[in-house]
Amino acid sequence: MSYKLQNQPHDLEAVQRVENIAIAHGQPLSSESVGTDAVTYLSPEERLLIDRAKAGEHRALRQLYGQYHAQVRAHLFRLLGKDCEVDDLTQIVFARAFNALDKFQGNSTLSTWLYRITANTTHNLMRQRFRRERVKSAFGWFSQSAGTDVQPSRVEARDEAHRILQKVRPDLREVFVLYHYEGLTLQEISDILDKPVSTVGDRLTRARKKLRELVSA
Amino acid sequence: MSPSNDKLRHYGCHECREDAELVMSDRATPAASDLYHGHIRECRDCRRMHRLLYALYEGPIVPAAPTGLDEEKQFHAALRRSREERPAPWYHKLSMRAGIAALAGSAAVLGMALFDIGPGKDLAALTSSDPTVASASPDPRVGAKSHHGGPDDAGGIEHPAQSYGRIIGGHAKVSTKDGEAITDAFGVGTRFEVAKDQPMQVGLAGKLVANFTPGTDVTWTAASPILLELELEHGIAAIRYDRKPSDPILQVRTPDAVVRVVGTVFTVQVEDEGDTRVSVLRGQVEVLSPSNNRQLAELESGFRYDVETGTFADVGLVEVAAAMPLSNDRADAAAGPEDILALADGRIPDDWHVPGLPSGEFRTLDYVPAAADEVPDIELSVGADKGDNGSPMTIAPIVPTESPARRARRDDGQDIIEALVRDTEASKRQEMLDKLEACRSLYYSPQRRYRAAACLSSFISKYGNDPAAAEGYLLTGMLRMDYALDYKAAEKAFETFLKRAPKHSNAEVAHYRMWLAAVEDGRISVALQRARKYLSKYPDGRYIGRILQRFPELKSELH
């Protein structure tokens, strides 16, 4: 996910916007105005966007939202499944992100930073739900469809698979989703969850093992 | 028993489950993979396990994220939440701890005054206080009126030069705050009282194009980074707004409704009795109550909504006819924007939803189902002029009728098309002249001027190598810029014209248009370069006033 900015194509529209603002204020245009650090997690356009968003510019906040809301929403969906709270949680994640922009130092990509906020936002909710489900199943209120003679269709298999995923402990599920669905590396997951890479690797192995057990049950 | 069957016999459920992940990630050997698949064909439990594990690794199908109005609503909800969840400033906590209410109150007021404008303390407050952002515009007219209220009232567009509109065709009484408009450029606060016999087309902030039908009374009331607003008193305003994500939202206010748009083609009609009708041809709009912003209706393409009765109906002939000058064939654009200069050819675009309209060549106004109460005094038969094969056009020439107001604003296009005709007449080629005459008749009609680009494009493709045809590029570029807001294609046409005829008498118009295209496209640094070039090349040029209107700082360049 992290990359060097030299490899990134310039967003001409963003550069143009900086120029326009600079011109409107009679400031001289220079290459420094769009940032030229050698190595960074952010492209100059992103850095500029964040600066404008930190200053509270509505358009910059809207642009941030436009660029990342699909990612956040999809991640929440993969993590929590079909849930009426996904819209609400997406709003919470962005509200927190907007309020935390001042603290964002650019030490990760925007996308990683938003994954981190999403992880922190959903952590307690996932634990609460997991505990509730465990109690429910312990009391036998839940009847499992496993063992049915009818082969599930592709769509049914997906639904069943997702139900199974919800039975995995939240900390393991989180790693599984980030690794397999979001396509992040162990190092990136380690950055997001603020855990050592070895812990992340261990959780991933345990998540896979648990899933294997659950689908074989 | 064959060796392969023997192997399969020793490959049981345990081995299958061990190998499942390897097979799914294509890391198993071919032999192991064969055994695995052989086993799951035989074993129902393992087959189920395989399906579930496969579905697990494949992941769920994520539903599409909301777009358009829904996305906008979600964003605003997140913004509201961010304000609600913002931690209280430190001085509030301090005052609570101190427990001296009166002192705390005064300290808070003092603290607010001293410290409340630090970066990030209050996103909304900063919007108007930070000098690098939206308050870039020193023009008090920009964002003079915004109905969002509260902290979103950022005011100003990125650069003040972008906050102007332009008359594209037709005529009206155009009054600005300083009196009647004398050029085709106007700012926020301009009112249009469209003539009874002709429609009028305008472009606003380089972002949208609107057609006002005869008799329409409309005022441009706001232009800020978050809001463009029109106030419609009477008549029909048809609008095409191809909005980019960071462009402002558009609102049309009428006496009894507010129509909010994210990006779409639609019409708003205010009838004599003051009743508002909203019709959508592409996209989606939201109709709100002007008193409390409560949603009255969410309107999809193909529908018309009557605000007074609260009823829905199909989009009708009147609305489609009003929107026709805004038609911009997407199929052409997809074919290759580099070479496309032609605009609409009288066909109703495929992405407009008109219930009951046949497809293909029948997508013209002739085939739009008309309700009994719709007045059929609209020019139809617009699909007949093919032109490419040299066959004569079926459109009767229209004698230009110029009002004094129109003449006062001078239409460069009319000069150019007259020059083209003169040159062609000189070349004594009847066919070429006929063809050009047809384009001219289109150009002179405010109802059909939008179709002149397609006609001229066909003219250029046929006679493009003739020196007399060079001006066709200029005119086509102008129409492309005015009606399609396609500034890149327009610039390409102007460049071609200047390359072919650098010393042409209309080269000044081309240079001016190049500058205008850059401004309206939001490329201010490029616009400044072009403005300087124009000023040095034409120190007594006829467009100097318009350039200095948008860039007063360039006055010094004249000396």
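Since we're looking at a predicted model, the values are computed, not measured. (Residues numbered from 1 in each chain as written. Chains lettered and ligands numbered in written order. Predicted model: local features only at pLDDT ≥ 70, side-chain atom pairs only at ≥ 80, totals over all residues. Heavy atoms only, no water.)

**Here's the deal with the overall build of chain A**
(1) Moving on: Of regular secondary structure, chain A possesses 9 helices and 0 strands.
(2) Moving on: Its helices and strands in sequence order give chain A the pattern α-α-α-α-α-α-α-α-α, from N to C terminus.
(3) Moving on: Across the 217 residues of chain A, 52% fall into the buried class.
(4) Moving on: Partitioning the intrachain contacts of chain A with sequence separation of at least 6 by distance along the chain shows that 67% fall at a separation of at least 24.
(5) Moving on: Looking at chain A as shown, the accessible area adds up to about 10500 Å², and 50% of this sits on carbon and sulfur atoms. (Helix = DSSP H or I, 4+ residues; strand = E, 2+ residues; numbered from the N terminus. Buried < 20%, exposed > 50% of the residue type's maximum accessible area, 1.4 Å probe, protein only. Contact = heavy atoms within 4.5 Å. Areas by Shrake-Rupley, 256 points an atom, 1.4 Å probe, with all protein chains shown as cover.)

**Digging into the overall build of chain B**
(1) Moving on: Check the secondary structure of chain B and you find 19 helices and 17 strands.
(2) Moving on: Buried positions account for 56% of the 559 residues belonging to chain B.
(3) Moving on: In chain B, 55% of the contacts between residues at least 6 apart in sequence involve partners at least 24 apart.
(4) Moving on: Here chain B displays about 24300 Å² of accessible surface, and carbon together with sulfur accounts for 53% of that area.

**Overview of the side chain of R129(A)**
(1) Moving on: Relative to the assigned elements, R129(A) resides in helix 5 (residues 110-138).
(2) Moving on: Here R129(A) is in contact with L80(A), D83(A) and E85(A), once residues within four sequence places are set aside.

**A closer look at the packing of helix 3 (residues 30-42) of chain B against helix 4 (residues 44-58) of chain B**
Residue and element names in this part refer to chain B.
(1) Moving on: In contact at an axis separation of 6 Å, helix 3 and helix 4 are set at 115° when each is read in the N-to-C sense. For the pair helix 3 and helix 4, the contacting residues are Y36, H39, I40, R41 and E42 in the first and R44, C46, R47, M49 and H50 in the second.
(2) Moving on: Residues belonging to the contact of helix 3 with helix 4 are distributed by class as follows: 4 nonpolar, 2 polar and 4 charged. (Axes fitted to C-alpha atoms, helices over the stretch in contact; angles between N-to-C directions. Nonpolar A, V, L, I, M, F, W, Y, C, P; charged D, E, K, R; others polar.)

**Comments concerning the nonpolar core**
(1) Moving on: Grouped together as the largest cluster of nonpolar side chains are 79 residues, with contacts concentrated most on V320(B), I348(B), W515(B) and F551(B).
(2) Moving on: The element contributing the most residues to this core is helix 17 (residues 507-520) of chain B, with 10 residues.
(3) Moving on: Per-domain counts for this core show at least three residues from each of domain 3 (158-325) and domain 4 (335-345 + 368-558) of chain B.
(4) Moving on: Formed by 67 residues, the second largest nonpolar core is a distinct cluster that contains L42(A), L49(A), A53(A) and L101(A). (Core = buried A, V, L, I, M, F, W, Y, C linked by side-chain atoms within 4.5 Å. Domains from an automatic or database assignment.)

**Looking at the confidence of the model for chain A**
Residues and elements named next belong to chain A.
(1) Moving on: Of all residues in chain A, 73% have pLDDT values of 70 or greater, and the mean over the chain is 78.
(2) Moving on: Of the regions scoring below 50 in pLDDT, residues 1-10 engages in 29 contacts with residues more than four places distant in sequence or in other chains.
(3) Moving on: A low-confidence stretch, residues 30-38 (pLDDT under 50), is modelled with 12 contacts involving residues beyond four sequence positions or located in other chains. (pLDDT = per-residue confidence, 0-100.)

**As for the confidence of the model for chain B**
(1) Moving on: Averaged over every residue, the pLDDT of chain B is 75; residues scoring 70 or more account for 74%.
(2) Moving on: Note on residues 330-339 of chain B: pLDDT under 50 across the span, and 9 contacts to partners over four residues away in sequence or across chains.

**With respect to the packing of aromatic side chains**
(1) Moving on: As enumerated under the stated definition, the model contains 17 aromatic pairs over all chains in all.
(2) Moving on: Between F94(A) and F98(A) the ring centres are 6.1 Å apart and the planes differ by 55°, which places this aromatic pair in the tilted class. Highlighted residues: F94(A) and F98(A), both in helix 4 (residues 86-100), separated by 4 residues, approximately one helical turn. Here F94(A) and F98(A) have matching classes, each one buried.
(3) Moving on: A network of ring pairs unites the aromatic residues Y512(B), W515(B), Y534(B), Y538(B), Y543(B) and F551(B) as a single cluster.
(4) Moving on: The ring of F75(B) is capped by R62(A), whose NZ or CZ atom sits 5.4 Å from the centre of that ring. (Phe/Tyr/Trp six-rings, centres within 6.5 Å; stacked < 30°, edge-to-face > 60°. Lys NZ or Arg CZ within 6 Å of the ring centre and 35° of its normal.)

**Focus: helix 3 of chain B**
(1) Moving on: Between its terminal C-alpha atoms helix 3 of chain B stretches 19 Å, which fits the 18 Å expected from 13 residues at 1.5 Å a residue.
(2) Moving on: Within the span of helix 3 of chain B, buried status applies to A32(B), S33(B), Y36(B), G38(B), H39(B) and I40(B). (Expected span 1.5 Å × (residues − 1).)

**A word on the environment of L178(A)**
All names here are of chain A.
(1) Moving on: Structurally, the position occupied by L178 is in helix 7 (residues 170-181).
(2) Moving on: Put simply, L178 and H75 are 103 residues apart on the chain and 8.2 Å apart in space, counted from C-alpha to C-alpha.
(3) Moving on: Discounting chain neighbours no more than four positions away, the residues touching L178 are H75, Y115, G183, L184, I189, I192 and L193.

**Things to note about the state of the cysteines**
All names here are of chain B.
(1) Moving on: Within the structure shown, the criterion is met by 1 disulfide over all chains.
(2) Moving on: Its sulfur unpaired, C13 is 3.5 Å from the next cysteine sulfur, which belongs to C46.
(3) Moving on: In this structure C13 comes out as partly exposed when scored by relative accessible area, which is 32%.
(4) Moving on: Among the cysteines around C16, which has no disulfide bond, C46 carries the closest sulfur, lying 4.0 Å off. (Disulfide = S-S within 2.5 Å.)

**Details of the pattern of salt bridges**
All names here are of chain B.
(1) Moving on: Under the counting rule described, the total for this entry stands at 37 salt bridges over all chains.
(2) Moving on: Across the pair E298 and K73 runs a salt bridge whose closest N-O atoms are separated by 2.8 Å. Of this pair, E298 sits in strand 15 (residues 295-300) while K73 sits in helix 5 (residues 68-85); the two residues are 225 residues apart in sequence, bridging distant segments of the chain.
(3) Moving on: When its relative accessible area of 36% is taken as the criterion, K73 is described as partly exposed.
(4) Moving on: With its nearest N and O atoms 3.5 Å apart, the salt bridge here joins D350 to R363. (Salt bridge = Lys/Arg side-chain N within 4 Å of Asp/Glu carboxyl O.)

**Section: the pairing of strand 15 of chain B**
All names here are of chain B.
(1) Moving on: Sheet topology note: the strand 14 (residues 284-288)/strand 15 ladder contains 5 bridges and is antiparallel. Looking at the pairing, V287 lines up with A297 of strand 15.
(2) Moving on: In this structure, the hairpin formed by strand 14 and strand 15 is closed by a connection of 6 residues, where N293 is found at a positive phi of approximately 60°. (Pairing = 2+ DSSP bridges.)

**Focus on unusual backbone geometry**
Residues and elements named next belong to chain B.
(1) Moving on: Of note in the backbone geometry, N293 takes a positive phi value of approximately 60° without being a glycine.
(2) Moving on: With respect to the element layout, N293 can be found in the loop between strand 14 and strand 15.
(3) Moving on: With relative accessibility at 37%, the residue N293 sits in the partly exposed group.

**Concerning helix 2 (residues 13-24) of chain B**
(1) Moving on: The end-to-end C-alpha distance of helix 2 of chain B, which contains 12 residues, comes to 16 Å, matching closely the 16 Å that a straight helix rising 1.5 Å per residue would cover.
(2) Moving on: Regarding helix 2 of chain B, the residues found buried are C16(B), D19(B), A20(B), E21(B) and V23(B).
(3) Moving on: Packed against the buried residues of helix 2 of chain B are helix 9 (197-216) of chain A together with helix 3 and helix 4 of chain B.
(4) Moving on: One or two positions beyond helix 2 of chain B, positive phi appears at D26(B), with a value near 60°.

**Observations regarding the environment of G12(B)**
(1) Moving on: Examined against the element boundaries, G12(B) turns out to sit in the loop between helix 1 (3-10) and helix 2.
(2) Moving on: In the structure, G12(B) is positioned 23 residues away from L35(B) in sequence and 9.5 Å away in space, judged by C-alpha atoms.

**Observations regarding the environment of P467(B)**
(1) Moving on: Its place among the elements puts P467(B) in the loop between helix 14 (452-463) and helix 15 (470-484).
(2) Moving on: Separated by 34 residues in sequence, P467(B) and A501(B) place their C-alpha atoms 8.4 Å apart.

**Section: the pairing of strand 2 (residues 172-176) of chain B**
Residues and elements named next belong to chain B.
(1) Moving on: Examined bridge by bridge, strand 2 and strand 5 (residues 191-194) share 4 bridges and lie antiparallel to one another. From the neighbouring strand, V174 faces strand 5, where its bridge partner is F192.
(2) Moving on: What sits between strand 2 and strand 3 (residues 179-180) in their antiparallel hairpin is a turn of 2 residues.

**Focus on the packing of helix 3 (residues 58-80) of chain A against helix 4 of chain A**
All names here are of chain A.
(1) Moving on: Running from N to C, helix 3 and helix 4 point in directions that differ by 135°, and their axes come no closer than 9 Å. As far as their axial angle goes, helix 4 and helix 3 are oblique. In the crossing of helix 3 with helix 4, the sense of the turn from one axis to the other is right-handed. On the side of helix 3, the interface is formed by L61, L64, Y65, Y68, H69, V72, R73, L76, F77 and L80, while helix 4 contributes V86, D87, L89, T90, V93, F94 and F98.
(2) Moving on: Of the residues assigned to the contact of helix 3 with helix 4, the class counts are 13 nonpolar, 2 polar and 2 charged. (Parallel < 35°, antiparallel > 145°, perpendicular 65-115°, else oblique. Left-handed = near helix turned anticlockwise from the far one by under 90°.)

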